[in-house]
Amino acid sequence: MTTAARKDYYVLLQVPRNADDKAIRAAYRRLARQYHPDVNKTDPNAEKRFKEVGEAYEVLSSPQKRSLYDRYGVNWQQAQRMQERGVPFDQGTGGQPPFGPFGEDGGDLGDLFANLFGGGLRRPATQVEVQLTLEEAFHGAKRILELPTQEACVQCQGRGRSRGGPGGLCSACRGRGAVTQVRRVEAAIPPGVDNGAQIRITPHRHGLLLTITVLPHPRFRREGADLSVDVPVPLYASVLGGEVKVPTVTGHVTLTIPPETANGQSFRLTGQGMPHLGNQGRRGNLFATVRVALPTKLTSKEKALFAQLHNLRPA
């Protein structure tokens, strides 16, 4: 490859990225005539540009090569070679196999263990979605995650080749140098995480990124570190005042409401909400909203008392 491999083929051909085959072919013909060395004998850069244009056309005129180029950019040839060998291409490692240069290119156990325990090039984080209840988000939680990982093949020591194997390839890994295994990872999730939060777990050699989903709660509503809850209050207490129990994530607290408390009135209970992420000693507030509960199954005496009240304060 020439230095054109580090350039944008679409820019070289002066076409948009969604150009069709006809547009790419027409652009190549125009530029090839423009930069042909026989036409530009006095231009020292003409031959170089002519080769770059030809290289760009060679890639973009091939559906397979163009697809690889659109996905991997300048690393498209590495991706092609890896796919031909049946090894997944990792853009984050510049095209190296999962655990170093296996296969016919060689590689030894020193390379292998360097990659296994942090000496290798960084790979993109593995993303996992984790669902939590509100209580787990309050207290923090742990999850045992089972993640498929690529491990070095023991039979061929990661080389991909083995004596007696079909075509000289290792029969255990089929020439890939690695096999897929399930690894159990314990992830600790700190208190205070909110819906949509992303938690990076270390040390996990590939990087582990947890995306948190906090499930809806049947009683509490959450907004950041604050919680809201509806509190049923008897009619008598809302009129005369009194004490009511307010549920919290950890139990109950007692709230004293004043006389003539209206339905829908909200009271703030400081520090009874969710812990702040990264600062467990600080908590949000709990907003208790009064929901007046009307009495039912009244006795005749109770109905008479309500009638007297109605007569005292007619509508």
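For the structure, check the block above.
Residues numbered from 1 in each chain as written. Predicted model: local features only at pLDDT ≥ 70, side-chain atom pairs only at ≥ 80, totals over all residues. Heavy atoms only, no water.

I would appreciate a short explanation of the sheet that holds strand E10 (residues 266-269) in the present structure.
Strands pair in a sheet through their backbones, by hydrogen bonds, and they do so in one of two ways: parallel or antiparallel. The four strands are arranged E6-E7-E13-E10 in an open sheet whose pairing can be described as mixed. Strand pairing shows two members of the sheet lacking a second neighbour, strand E6 (221-223) and E10, which therefore form its edges. Direction aside, the axes of adjacent strands within the sheet are offset by 30° on average. The pairing of E6 with strand E7 (residues 226-234) spans three bridges and is antiparallel. Along E7, the bridge assignment pairs Glu223 with Asp226. (Pairing = 2+ DSSP bridges. Helix = DSSP H or I, 4+ residues; strand = E, 2+ residues; numbered from the N terminus. Axes fitted to C-alpha atoms, helices over the stretch in contact; angles between N-to-C directions.)

What is the right way to look at the pattern of salt bridges in this model?
Oppositely charged side chains may form a pair once their charged atoms are brought near each other. Considering all chains together, one arrives at 11 salt bridges under this definition. The closest approach of N and O atoms between Arg49 and Glu52, which form a salt bridge, is 3.7 Å. A residue pair is termed a helical-turn pair when its members lie 3 or 4 positions apart in one helix, as Arg49 and Glu52 do in helix H3 (residues 46-60) at three residues. Ionic pairing is found between Glu136 and Arg143, a salt bridge with its closest N-O pair at 3.0 Å. Members of the salt-bridge network, linked through shared partners, are Asp8, Arg17 and Asp70. (Salt bridge = Lys/Arg side-chain N within 4 Å of Asp/Glu carboxyl O.)

Where do I start with the state of the cysteines in this structure?
Working definition of a disulfide: a covalent bond connecting the sulfur atoms of two cysteines. Counting across every chain of the model gives zero disulfides. For Cys170, which is in no disulfide, the shortest distance to another cysteine sulfur is to Cys173 and amounts to 3.7 Å. Left unpaired, Cys173 is separated from the closest cysteine sulfur, that of Cys156, by 3.7 Å. (Disulfide = S-S within 2.5 Å.)

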